[in-house]
Amino acid sequence: MGCPQCGYSGHGKIEAVYEDVELSEMKKKTPGYLKKSSSPIPDWVFALVGVLFLAAFVGLVIVYMVTR
């Protein structure tokens, strides 16, 4: 029963520390990757730009292959 990463067992008893957290406080501590973006640009705009770049890239590759 030591550290699961390094295997160090330490000295003496191992005590677990638990913190009482209310549900309302847990909602405040939402990780950054789960938070909504505060960007004024909607998500679909980013998807549209990505699709347009992909289409332009594929078009350029086709033109390059045909003219070669």
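Since this is a predicted model, take the numbers as computed values, not measurements.

Parameters at a glance
Residues numbered from 1 in each chain as written. Predicted model: local features only at pLDDT ≥ 70, side-chain atom pairs only at ≥ 80, totals over all residues. Heavy atoms only, no water. Helix = DSSP H or I, 4+ residues; strand = E, 2+ residues; numbered from the N terminus. Buried < 20%, exposed > 50% of the residue type's maximum accessible area, 1.4 Å probe, protein only. Areas by Shrake-Rupley, 256 points an atom, 1.4 Å probe, with all protein chains shown as cover. Patch = residues over 30% accessible without salt bridge, like charges linked within 9 Å, V, L, I, M, F, W, Y side chains within 5 Å. Salt bridge = Lys/Arg side-chain N within 4 Å of Asp/Glu carboxyl O.

### Quick look at the overall build of the protein chain
1) Next: Of regular secondary structure, the protein chain possesses two helices and zero strands.
2) Next: Relative to its full complement of 68 residues, the protein chain shows a buried share of 0%.
3) Next: When the accessible surface of the protein chain is split by element, carbon and sulfur atoms take 65% of a total near 7100 Å².

### Quick word on a nonpolar patch on the surface
1) Next: A cluster of nonpolar side chains, contributed by Leu54, Phe57, Val58, Val61, Ile62, Tyr64, Met65 and Val66, occupies part of the molecular surface with about 830 Å² of accessible area.
2) Next: Turning to its location among the elements, leucine 54 is positioned in helix α2 (residues 43-67).
3) Next: By relative accessible area, leucine 54 is classed as exposed at 54%.

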